[in-house]
Amino acid sequence: MKEVNMAFPVSLEALLRSAVSEDAEHRDDGLCVVGIFGKSDMQLNALKESLVNTLADKHVFSAFGGADNGDGSGGIQALYNPDNRVLYLMLTSVCDGRQLLRACQSPGAGSGHADSHDFWKGLERQHCLRLLYLFSVCHVLLLVHPSHTFDVTYDRLFRALDALRQKALPLIRAAVKDCPVSKEWKVNCRPCPPRLLFVFQMSGTLKVLNGSESGAHPDKPKKHSPRRRLQHALEDQIYRIFRKSRVLTNQSSNCLFTVPANQAFVYVLPASSDEDSVGSLLGQLRSNCILCEQDSGTLVSGPRRYQQTRPSARQGLVEQSGATMGAVPTDCSLKEFLWQHVELVLTKKGFDDSVGRNPQPCHFELPSYSKWAQVALKLHQALTGGDEDDVAEMAAKVQAQLKVLDGFLNADAKFSENRCQKALPLAHSAYQANLPHNYTTAVHKNQLAQALRVYSQHARGVAFQRYALQVHEDCYKFWSNGHQLCEERSLSDQHCVHKFHLLPQSGEKTDMDHNPPILNHNSRGRSTSSCNCGRKQAPRDDPFDVQAANYDFYQAQEEKCCGKLERIHFPIFQPSTPDPAPASNQAERPPSEADADRLREPGAAHSHTPGDTSLSLALSLGQSTGSLGPYGDGESTTTAGADGQVQQKRPSLADRQPSTVEYLPGMMHSGCPKGLLPKISSWSLVKLGPAKSYNCHTGLDQPGFLPGASFLLPWDLMIRSRSEDDPSEPLDGGASSWPVPNKTLVGKRGGAGGPGRARRRDDSARAYVGFEYEDGRGRRFIGSGPDKVVKVLGPGGAKEPAGRVLNSDMPLYVPSPSQGRGVKPHFAQLMRLFIVVPDAPLEVTLNPQVQPGPPPCPVFHPEQTDLVLPPDGLWVLRFPYAYGTELAPCYPPKENQPLGNYKVLRGILKANTQPQ
């Protein structure tokens, strides 16, 4: 082999795949392979690199850097010494300080705990595969350790490697079956059982002076040096440990490695006299220069070339040179320690390390480089993989056998697994503690958090996250397996008490045996409510939809009470197709172009802004002010223009033709699209009778009212009579006029006052108004203000005027005056508005607007606004029991929520006292 090819270390894969030429006369010479592995610290002069430099008598490894694979995993570096036919294979891994630093800087090492653990264990498995490779191709192995104590973790590592080798042996045999080596090599997959040697480094604290400096008496016989005694102690300790763990047995052919019985296999490097790394390098350079000067005299060629470079001979030169400098070594050098084992290989004597009564001889073969390279390449492909399909398949099978290492290398993961498995039952018990049979998602999350808290108190290690996910899955399976409560909430914000179920379709009956069961929602909440007119009370279940809350219950009471009363019907959706569809959820938008074109036709309305032919933004959003009201004035259709001519007013958006194809899925409110109507009306307006049916001295004769709280508030209205000499208002006693008391009409200008004299007279009329509140137990009362209840204890009726309640926002919810014994307060809800319209020449306009929540809650109103109540009647407006849009319901207020955000806007009643 040409020396120039191996003058510097190369990677093992590059060596095996390159065509290295050998000298023809030395082509058949034997090759001794020495493997070096172990640990090293972060010192400048790394231990393994400095050992190779010492053994090769060359400065081949730099003291300021080491070999790297790019990912911090290290690799095997090869260095061939042609003088003595020794090939050095040095393994670097994360056990070395420099490689450990590179691995920590790699991207994979900065992830989570479990991922980081997998990353480091992957590097350890890769290190074990490379160690198995060294134990399969080397004759002698050097284990290097940076301290003077034996690391007992090597015992576990060697047992794992031995188990892996036994599992992978059939695969390795198949890989080397065609190699030109002996049958014993093919069967055992190695040239011989390798001999393992140990090299320790003595720390500076154990430095012992030698010779006369130690203070020993010169007349006493010399004993072994302290370093030699340490080596013997380490040999005894290592041998006992490996024998106890069955790593070493009597038959060396079955062992992963052997140790010599009658030779030293432990070497302790003496501590340096100082910590000067530069001085150490200069000393090595000086000794190498002396060796080169001595070797330059005679050169021997041929097979016995290594005899001249034997370490014993060369060490004598070093000792001579050292003696001239006054340093006399008392123990053998590292070269002498190694060469006594290498010479057994090169002389083909082999190792006879079997002990016992009947020791069996071990196989031994000293191959040439070409034979060794073929076997080493095949083994390298089998253990690390290659491009060929068969090689890749074999490498995959070898990788599958790495699970044998888990029991030895992943002791911390095994401990974590056992610990987390013991914590699982504790977490399950914490989850199921004090649980009802069926419960909601909120309860499930709270119990799951408690279970994870208990789990985190007992679980440890890398398996923590994986078993935490299992706690999640187990708790969810327990909850979903018959313990999940129906998540539907009623309009009063109460959960359904049934477990997860399906709703019955139209005409379908309930079925408890079905999986999941078919049931209607039920929160077990019941309350007492009155009918539309308020004369009958009945219990009702807690509703879960707007139709059941605002329509179905009152329709059931229609047959018993108020079905035959006169009423004003609110417009609802009238389908023109057999299968109408609900309108899609969309925000309120301005009128379409078709509507604008229709309004721009002759006779259509003009914009308030001169020159603007489209609808104004305020009108399109239903927010115009003035006489238009919230949705425009739908009564008056003409107005005077700027030039004094009479122009037609813009038609109200409420007057547009509603859709007959799409209906509004929720209730009518300020945010819903225009032109849509709901299927049912949530409001009701009925007439109990004429105005005289209400007695102001006795109040309302209906059940549920608190004592003295059933009196309506008087509303006095001044009726302005028309002037007699007003030419625009005829007073001819027709249908459009109202006769003045004690006045006889004789003509347009006639009268008791004489011609040309105008007279006017004002009369008063009394209406009655009452805002009725009702709580869940059917207790009712009339409110005389935002925070006051009507209380009449004597005859004469209520004295407070209705102006206060009509000119202020009335609360939708107030605390019930009859609270129960419980701590939770009860609220009474505004349910009805009683209006007594007298038989007088006036118009009472009804325009209810309710805001059942804080902004941005929309304002709810009936399907028709600005209703004119006919005179001489006792009218009852029933408000919705529950409010909700097409997206979500508006829940009643909680205990800590201010009631001022839930209100009925002022201006619900307006009176027009100007006769028509």
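Going by the structure above, here's the rest.
Here's a quick rundown of the structure.

What counts, and where the lines are drawn
- Residues numbered from 1 in each chain as written.
- Predicted model: local features only at pLDDT ≥ 70, side-chain atom pairs only at ≥ 80, totals over all residues.
- Heavy atoms only, no water.
- Helix = DSSP H or I, 4+ residues; strand = E, 2+ residues; numbered from the N terminus.
- Buried < 20%, exposed > 50% of the residue type's maximum accessible area, 1.4 Å probe, protein only.
- Contact = heavy atoms within 4.5 Å.
- Areas by Shrake-Rupley, 256 points an atom, 1.4 Å probe, with all protein chains shown as cover.
- Phe/Tyr/Trp six-rings, centres within 6.5 Å; stacked < 30°, edge-to-face > 60°.
- Pairing = 2+ DSSP bridges.
- Axes fitted to C-alpha atoms, helices over the stretch in contact; angles between N-to-C directions.
- Salt bridge = Lys/Arg side-chain N within 4 Å of Asp/Glu carboxyl O.
- Expected span 1.5 Å × (residues − 1).
- Arc of directions from axis to C-beta.
- Polar contact = N/O pair within 3.5 Å; in protein donor to acceptor, adjacent residues only side chain to side chain.
- Core = buried A, V, L, I, M, F, W, Y, C linked by side-chain atoms within 4.5 Å.
- Parallel < 35°, antiparallel > 145°, perpendicular 65-115°, else oblique.
- Nonpolar A, V, L, I, M, F, W, Y, C, P; charged D, E, K, R; others polar.
- Left-handed = near helix turned anticlockwise from the far one by under 90°.
- Lys, Arg positive; Asp, Glu negative; His and termini not counted.

1. Concerning the overall build of the chain
Logical step 1: If you tally the helices and strands in the chain, you get 21 helices and 30 strands.
Logical step 2: For the chain, the residues scored as buried account for 45% of the 916 residues in total.
Logical step 3: Expressed as a percentage of contacts within the chain between residues at least 6 apart in sequence, the contacts between residues at least 24 apart total 73%.
Logical step 4: Per element, the accessible surface of the chain, about 47000 Å² overall, is 51% carbon and sulfur.

2. Thoughts on the environment of Pro146
Logical step 1: Tracing the sequence through the fold places Pro146 in the loop between strand E5 (140–145) and helix H5 (153–176).
Logical step 2: Along the chain, Pro146 and Leu47 lie 99 residues apart, while their C-alpha atoms are 7.1 Å from each other.
Logical step 3: If we ignore the near neighbours within four places in the chain, the residues touching Pro146 are Lys39, Ser40, Asp41, Leu47 and Gln201.

3. Looking at the packing of aromatic side chains
Logical step 1: Under the criterion given, the structure shown has 28 aromatic pairs.
Logical step 2: Taking the centre distance of 5.7 Å and the plane angle of 65° together, the rings of Phe158 and Phe242 count as edge-to-face. Linking Phe158 in helix H5 with Phe242 in helix H7 (residues 226–244), this pair joins segments that are 84 residues apart in sequence. Each of the two residues, Phe158 as well as Phe242, counts as buried.
Logical step 3: When the ring of Tyr439 is compared with that of Trp479, the centres are 6.5 Å apart and the planes differ by 25°; the resulting orientation is stacked. Taken together, the positions of Tyr439 in the loop between helix H15 (411–432) and helix H16 (441–458) and Trp479 in helix H17 (residues 464–480) put the pair 40 residues apart, joining distant regions of the chain. As far as the burial class goes, Tyr439 and Trp479 line up, both buried.
Logical step 4: Ring pairing ties together the aromatic residues Phe37, Phe135, Phe150, Tyr154, Phe158, Phe198, Phe200, Phe242, Phe257 and Phe265, which thus form one cluster.

4. Comments concerning unusual backbone geometry
Logical step 1: Geometrically, the link from Pro855 to Pro856 is a cis peptide bond, its omega value of 10° lying close to zero.
Logical step 2: With respect to the helices, strands and loops of the structure, Pro856 is situated in the loop between strand E24 (850–852) and strand E25 (867–869).
Logical step 3: Of note in the backbone geometry, Arg85 takes a positive phi value of approximately 55° without being a glycine.
Logical step 4: Tracing the backbone through its elements, the reader meets Arg85 in the loop between strand E3 (75–81) and strand E4 (86–92).
Logical step 5: In this structure, Asp872 is a non-glycine residue whose phi angle is positive, near 60°.

5. Things to note about the sheet that holds strand E23 (residues 843–846)
Logical step 1: Overall, antiparallel pairing links the three strands, which are arranged E25-E23-E30 in an open sheet. The strands lining the two open edges of the sheet, one partner per strand, are E25 and strand E30 (909–912). For this sheet, the mean inter-axis angle between neighbouring strands, taken without regard to orientation, is 30°.
Logical step 2: Note: E23 against E30, four bridges, orientation antiparallel. The partner of Leu846 across the bridge, within E30, is Leu909.

6. So, the sheet that holds strand E29 (residues 902–904)
Logical step 1: Strand order in the open sheet formed by three strands is E20-E29-E24, and the pairing between neighbours is antiparallel. Single-partner strands in this sheet number two, and they are strand E20 (810–811) and E24.
Logical step 2: Of the pairings in the sheet, the one linking E20 to E29 comprises two bridges and is antiparallel in character. If you follow Pro811 over to E29, its bridge partner there is Lys903.

7. Quick look at the pattern of salt bridges
Logical step 1: Applying the stated criterion across every chain, the model contains 14 salt bridges.
Logical step 2: Linking Arg489 and Asp493 is a salt bridge whose minimum nitrogen-to-oxygen distance equals 2.4 Å.
Logical step 3: Residue Arg832 is joined to Glu774 by a salt bridge in which the shortest nitrogen-to-oxygen separation is 3.2 Å. With a gap of 58 residues between them, Arg832 in strand E22 (residues 827–837) and Glu774 in strand E17 (residues 762–774) connect regions that are remote in the sequence.
Logical step 4: On the accessibility criterion, Arg832 (0% relative accessible area) is buried.
Logical step 5: One network of salt bridges, in which partners are shared, links Glu772, Glu774, Arg780 and Arg832.

8. Re H17
Logical step 1: Along its 17 residues, H17 runs 24 Å from first to last C-alpha, staying within 8% of the 24 Å computed at 1.5 Å per residue.
Logical step 2: Buried residues of H17: Tyr467, Ala468, Val471, Cys475 and Trp479, and no others. For H17, the angular spread of buried residues about the axis comes to 120°, placing them on one side.
Logical step 3: Buried residues along H17 sit in contact with H15 and H16.
Logical step 4: Where H17 ends, the next residue or the one after it, Gly482, has phi of about 90°, a positive value.

9. Observations regarding the side chain of Glu772
Logical step 1: Relative to the elements of secondary structure, Glu772 occurs in strand E17.
Logical step 2: Among the polar contacts listed, one links the side chain of Glu772 to the side chain of Arg780, at a separation of 3.0 Å.
Logical step 3: Once you skip the residues sitting within four places of it in the chain, Glu772 turns out to touch Phe705, Arg780, Phe781, Ile782, Gln829, Leu830, Met831, Arg832 and Phe834.

10. A look at the nonpolar core
Logical step 1: Counting 97 residues, the largest nonpolar core has Phe37, Leu89, Phe158, Phe198, Phe257 and Trp372 as the members making the most contacts within it.
Logical step 2: Residue contributions to this core peak at eleven residues, all from H5.
Logical step 3: If near-sequence neighbours (up to four positions away) are discounted, Phe257 is found in contact with Phe135, Phe158, Pro194, Leu196, Phe242, Val247 and Leu248.

11. Comments concerning the packing of helix H2 (residues 47–56) against helix H11 (residues 334–346)
Logical step 1: One can describe the packing of H2 onto H11 by two numbers: an axis separation of 10 Å at closest approach and a directional angle of 75°. For the element pair H2 / H11, the angle class is roughly perpendicular. Contacts between H2 and H11 involve Leu51, Thr54 and Leu55 from the former and Leu334, Lys335, Leu338 and Trp339 from the latter.
Logical step 2: Split into classes, the residues belonging to the contact of H2 with H11 amount to five nonpolar, one polar and one charged.

12. Let's talk about the packing of H15 against H17
Logical step 1: Viewed as axis vectors pointing N to C, H15 and H17 meet at an angle of 30°, and their least axial separation amounts to 10 Å. Here H15 lies roughly parallel to H17, going by the angle between them. As H15 packs across H17, the resulting crossing turns out to be right-handed. Side by side, H15 and H17 meet where Ser416, Glu417, Cys420, Gln421, Leu424, Ala427, His428, Tyr431 and Gln432 of the first sit next to Phe464, Arg466, Tyr467, Gln470, Val471, Asp474, Cys475, Phe478 and Trp479 of the second.

13. Things to note about the pairing of strand E15 (residues 684–689)
Logical step 1: Summarising burial for E15: six of the six residues are buried, a large majority.
Logical step 2: Strand direction decides the pairing type here: strand E10 (residues 566–567) and E15, joined by two bridges, are antiparallel. Looking across to E15, one finds that Arg567 is bridged to Val686.
Logical step 3: Bridge analysis of E15 against strand E26 (residues 873–878) gives five bridges, and the strand direction is antiparallel. Considered in E26, the bridge of Lys687 is made with Trp875.

14. Examining the pairing of strand E7 (residues 266–269)
Logical step 1: Judged by which residues are buried, E7 turns out to be covered on both faces: Val266 and Val268 on one side and Tyr267 and Leu269 on the other are all buried.
Logical step 2: Strand direction decides the pairing type here: strand E6 (residues 195–201) and E7, joined by four bridges, are parallel. Its bridge partner being in E7, Gln201 is matched across the sheet by Leu269.

15. Observations regarding the side chain of Arg190
Logical step 1: With respect to the helices and strands, the residue Arg190 is situated in the loop between helix H6 (183–188) and E6.
Logical step 2: Buried and without a salt bridge, Arg190 has Asp162 as its closest oppositely charged side chain, separated by 7.0 Å.
Logical step 3: Here the side chain of Arg190 touches Ser253 through a polar contact of 3.1 Å, landing on its backbone oxygen.
Logical step 4: Ignoring sequence-local partners within four residues, the contact set of Arg190 consists of Phe135, Ser136, Arg165, Trp185, Ser252, Ser253, Cys255, Leu256 and His363.

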